[in-house]
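Listed below, chain by chain, are the residues.
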Amino acid sequence: MEYLWEEEKLIKIVKRDQPSRAIFFLTPVLAIFLTLVAGGLIFYILGFKPFEALKFFFIVPIADMYGFSELLLKATPLCLIAIGLSFCFKSNNWNIGAEGQLTFGAIISGGVALLFYDQEGFYILPIVILAGAIGGMLYASIPAILKTYFNTNEILVSLMLVYVSKLILDYLVVGPWSNPEGFNFPETRQFSDSARLPLLVEGLRIHAGIFLALAAVVISWFIFYKTYLGFQMKVSGFSLKTAKYAGYKGKKMIILVFLISGACAGLAGVGEITGPIGQLHREVSPDYGFTAIIVAFLGRLNPVGIIFASLVVAITYLGAETAQIFMQIPKYTGQVFQGMILFFLLASDYLLFFKIKFIGSKK
Amino acid sequence: MNTNLKISNVSKIYPGCIANDNISLEFKSGKIYALLGENGAGKSTLVKILSGVIIPDKGEIFLNNKILKLKSPIDAKKKKIGMVFQHFNLFETLSVFENLIIDSDENRENLHEKIQSIMKKYNFSIDLDIPVLNLSAGQKQKVEIIRCLIRNPEVLIMDEPTSVLTEQETSELFSSLRQFSMEGILIIYITHKLKEVMSLCDEVAVMRKGKLVSVSKIVNEKIETLANKMVGQNLKTVRKSISNERSSEKLIKISNLSFSSEDPFETNLVNINFEVNRGECLGIAGISGNGQSELFQILSGEIISDKNSIEFNSNFIGNLNPQERREYLMAFSPEDRLEQAAIPQMKIFENVALNNFKSSNFFNNGLINENKIKEHAKKIISDFNVNTDNIELKSQFLSGGNLQKLIIGRELITSPDLLICFNPTWGLDVGAINYIHKTLIKINDQNKSIILISTDTDELLKLSDKISVIHKGKLSKIMNSDEVTSEKLGILMGGGEID
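Trainee: Hey, could you go over the overall build of chain A for me, with residue numbers and the actual values?
Mentor: Across its full length, chain A holds 14 helices and 2 strands. In summary, chain A has a C-alpha radius of gyration of 23 Å against a globular reference of 21 Å for 363 residues, a match within 12%. Dimensions along the principal axes, computed over C-alpha positions, put chain A at roughly 85 × 60 × 30 Å. Burial statistics for chain A: of 363 residues in total, 47% are counted as buried.

Trainee: Give a detailed account of unusual backbone geometry, specifying residues and quantitative values.
Mentor: All names here are of chain B. Its identity as a non-glycine residue notwithstanding, Asn447 has a phi of 65°, on the positive side. Along the chain, Asn447 falls in the loop between helix H15 (430-445) and strand E20 (449-453). Residue Asn447 is classed as partly exposed on the basis of its 15 C-beta neighbours within 10 Å. Positive phi values are uncommon outside glycine, yet Lys472 reaches one of about 50°. Inspection of the secondary structure puts Lys472 in the loop between strand E21 (466-471) and strand E22 (474-475).

Trainee: I'd like a description of the domain arrangement of chain A, backed by residues and values.
Mentor: Residues and elements named next belong to chain A. Split by domain assignment, chain A resolves into domain 1 (10-46 + 329-363) and domain 2 (68-298). Between domain 1 and domain 2, the C-alpha centre-to-centre distance is 31 Å. Opposite the 5 residues of domain 1 that make contact, domain 2 presents 4 residues. Per-element accounting of the side of domain 1 that touches domain 2 gives the leading share, 4 residues, to helix H13 (residues 333-348). A class-by-class count of the residues in the side of domain 1 that touches domain 2 yields 4 nonpolar, 1 polar and no charged.

Trainee: Go over the sheet that holds strand E7 (residues 155-159) of chain B, please, and point to the residues and values.
Mentor: Residue and element names in this part refer to chain B. Read across the sheet, 6 strands follow the order E6-E7-E8-E3-E9-E10 without closing on themselves; strand pairing throughout is mixed. The open sheet has two edge strands, strand E6 (81-84) and strand E10 (211-217), and neither has a second partner. Ignoring which end each strand starts from, the neighbouring axes of this sheet average 15° apart. Direction of pairing for strand E9 (residues 203-208) relative to E10: antiparallel, over a ladder of 6 bridges. Bridged to Arg208 within E10 is Lys211. Lying over the sheet, helix H5 (residues 137-149) contacts E6 and E7, oriented at roughly 170° with respect to E6. Lying on the sheet, helix H6 (residues 167-182) is in contact with strand E3 (32-36), E7 and strand E8 (186-191); it crosses E8 at an angle near 145°.

Trainee: Let's hear about the interface of chain A and chain B: which residues, and what values?
Mentor: Counting residues at the interface gives 19 residues for chain A, matched by 25 residues for chain B. Those elements giving two or more residues to the side of chain A that touches chain B turn out to be helix H8 (228-238) and helix H9 (240-246) of chain A. Tallied by class, residues from the side of chain A that touches chain B come to 10 nonpolar, 4 polar and 5 charged.

Trainee: Could you give an account of the environment of Glu26 of chain B, with specific residues and numbers?
Mentor: Residue and element names in this part refer to chain B. Along the chain, Glu26 falls in strand E2 (residues 17-28). Taking the number of C-beta atoms within 10 Å as the measure of exposure, Glu26 has 13 and is therefore partly exposed. Remark: the alpha-carbon pair of Glu26 and Phe62, spanning 36 residues in sequence, is separated by 9.3 Å.

Trainee: Help me get a handle on helix H2 (residues 50-58) of chain A, residues and values and all.
Mentor: All names here are of chain A. What H2 keeps buried is the set Ala53, Phe56 and Phe57. The arc that holds every buried residue of H2, seen down its axis, measures 100°, which confines them to one face. Considering only its buried residues, H2 is in contact with helix H1 (21-45) and helix H12 (303-327).

Trainee: Residues and numbers for the pairing of strand E16 (residues 330-333) of chain B, please.
Mentor: All names here are of chain B. A two-sided burial pattern is seen for E16, the buried positions comprising Met330 and Phe332 on one face and Ala331 and Ser333 on the other. Relative to strand E19 (residues 418-422), E16 runs parallel, the two sharing 4 bridges. Counted as the bridge partner of Ser333 is Cys421 from E19.

Trainee: Explain the environment of Leu301 of chain A residue by residue, including any values.
Mentor: Residue and element names in this part refer to chain A. Along the chain, the position of Leu301 falls in the loop between helix H11 (288-298) and H12. Placed 16 residues apart in sequence, Leu301 and Ser285 show a C-alpha to C-alpha distance of 22 Å. Contact partners of Leu301, with chain neighbours within four places excluded, come to Ser86, Phe89, Lys90 and Ala296.

Trainee: Please give an account of the domain arrangement of chain B that cites residues and values.
Mentor: Each domain of chain B was delimited in the assignment, giving domain 1 (4-231) and domain 2 (250-493). Each of domain 1 of chain B and domain 2 of chain B was reduced to a C-alpha centroid, and the two centroids are 34 Å apart.

Trainee: Lay out the sheet that holds strand E15 (residues 315-316) of chain B in plain terms, naming residues and giving numbers.
Mentor: Strand pairs in the sheet, formed through backbone hydrogen bonds, run parallel or antiparallel to each other. Taken together, the 4 strands give an open sheet; going across it, the order is E12-E11-E14-E15 (chain B), and neighbouring strands pair in antiparallel fashion. One side of each edge strand has no neighbouring strand; the edge strands of this open sheet are strand E12 (269-277) and E15 of chain B.

Parameters at a glance
- Residues numbered from 1 in each chain as written.
- Chains lettered and ligands numbered in written order.
- Predicted model: local features only at pLDDT ≥ 70, side-chain atom pairs only at ≥ 80, totals over all residues.
- Helix = DSSP H or I, 4+ residues; strand = E, 2+ residues; numbered from the N terminus.
- Rg over C-alpha atoms; globule rule 2.2 N^0.38 Å.
- Buried ≥ 20, exposed ≤ 12 C-beta atoms within 10 Å, placed from the backbone.
- Domains from an automatic or database assignment.
- Contact = placed C-beta atoms within 7 Å.
- Nonpolar A, V, L, I, M, F, W, Y, C, P; charged D, E, K, R; others polar.
- Pairing = 2+ DSSP bridges.
- Axes fitted to C-alpha atoms, helices over the stretch in contact; angles between N-to-C directions.
- Arc of directions from axis to C-beta.

Structure follows, in structure tokens:
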């Protein structure tokens, strides 16, 4: 359909006959580009040289091996959580509380790791990892069960539970689980080495958690595109009425996708505490659970897309730190960039359905 | 007012199709004109040209003998041409008044006063302060009409206005239109419903495939002559060969089925009882919104009921979901093709996999068996005349008729004992309607049964062996279709009683 509002206009917006597949994957790139432009502009207004600031933000942090390892370290939880979230988002379930599921997974796995704090053994790490996944699943099952049996809104429930989990963690590390030899610092004992994810390279912080993320990518790709469950999720994502008509067991699926999502977030929590830190403390995650929502959409809920998206977004974490150190720009700028990416992504999605035509002036 | 609107040699060409081929027409105020044609005849293009949405490639429009150059819908409004589209252009979450003030130049007080006087004059009663989403379709349409009337239009164009209205609302609309016409507003009424043309309009212009076929006075026409002009051939009605040797073997029995909903927009069902024998078609008539949708969902298993309320083939299945019911050889074709029966964004073969039961082997051990699904999709396409050979095509690119053939084909290819369908030919062109009707008759002849829930009484009379009417969630007594007349149906549908 062609709408010609005024003949004199130079630019015409035309509805696409069908959403373009190429545009579908190009708009995230466009969004990132626009974010850089807008970011440069903000730096300029703040009185910094825009190119230099962007360099500190996006290039300096990953210019050496250490930086690259840090990039992967940050991208790992983002990727893992985003994969889990895409199970929910693809099937029309809006789990906003991955941060809470991450925290609760960290609490449960941390608790188990603390039980073994003075023991060594190959069996400890698998138990700790499993405990984290179960913790995340338990916590995700709350909004899922409330949604299926009491018709509550999962967005609100899952979001509010984030704050509950953070307060529980706070209470534990200050109170019952605090390190008896820790001079009242809000942190637990150090886990034993057997409860730690092994480091991959001597001297760098990148750890074996990355394999969990890669496994999640492969498994989710297989489930999404090759299984009946993936098909049912796709149908439910497009139309819940159709899913009902087809006879899919809606409640079962809601609970299942929340459990998968919670398990992934829980595993990300395990990675955080048993990787570089090795203990529970107040801040196990710099809002990875929320940022992963952006990652999931930037990656178009596609497992491969999510890998790229998690790398891009991970840079904003690192860039914020370098920019703070070298330029005294507050590190919250990182969140500004994350917000801008999402904003521009949603805006460029307009191009999925419309195209802009430049035409000559008709006088 | 003495308005004269003239279309002179207007053409509009799209790639691959001539939407309007040299159309010339003249309209004068005081009369109601019908623009009649099938889907794709070019009516909508012509109307969009008149309302400034589309600029014609060739030709001119004259209003009161002055040439009219419309560059945008705003232009048309300024030139006092009002238009009510089939799909409403209202913001659901804004109030009625907010919707009306958006494109008005007047201040709040004046506008409010003006709306009140319009509503009083035409006997509309709409609360201006409630959100539009709380209005019925008929009320929404009135809001659109008020929006036009605010600008004192000389021409009012109505595009398929009754497709969403109940019969009651339709008759209200007609009396308003007659009143407007008497006050000198020129009315152009676009439709493909012959009966409406006969009862409402004074003159009729028929279009077919982009061309103007005829212009005539209604008094010189009959439904049959108009239908012939519109379709371009003598209507070949399929008719069921009524057989007296239908088996009397009971297939499905519904007993004491009731349903009450917490949702005020749903209709409660009250003590529904009926039986359908093998090889029989039971038609359920009624004005839309009287419980048909709820009844369909209960029969299909989307809403689960008491186990014993539905007995199918000597099994009690009231508590089973649609997929489980398919295992007992039931099939379902819902009303909403685009939002329920199929997913437009998915490929044809993927849509085929929506009707899945064990023996179809579409999914083995939880994995998708794409080859099996594709093989099945190809068979449906060829057996049911779906006009494409590409099963990888997204189903949004199928026309309504082809999509419905695909859906009916998907449901029937497994040869179920019972097909339950809800408005199977809604919005389709005559060719597709005939095909679907023939198909339904054929499955009756194969001793399979049908429950046909439809708002189209002609369809029901044509296809059903027995007919019942649903009104406010209650089912009338079941009549043999040869003793039913459209008059009897009309009375029952309106909530009346017959002997």
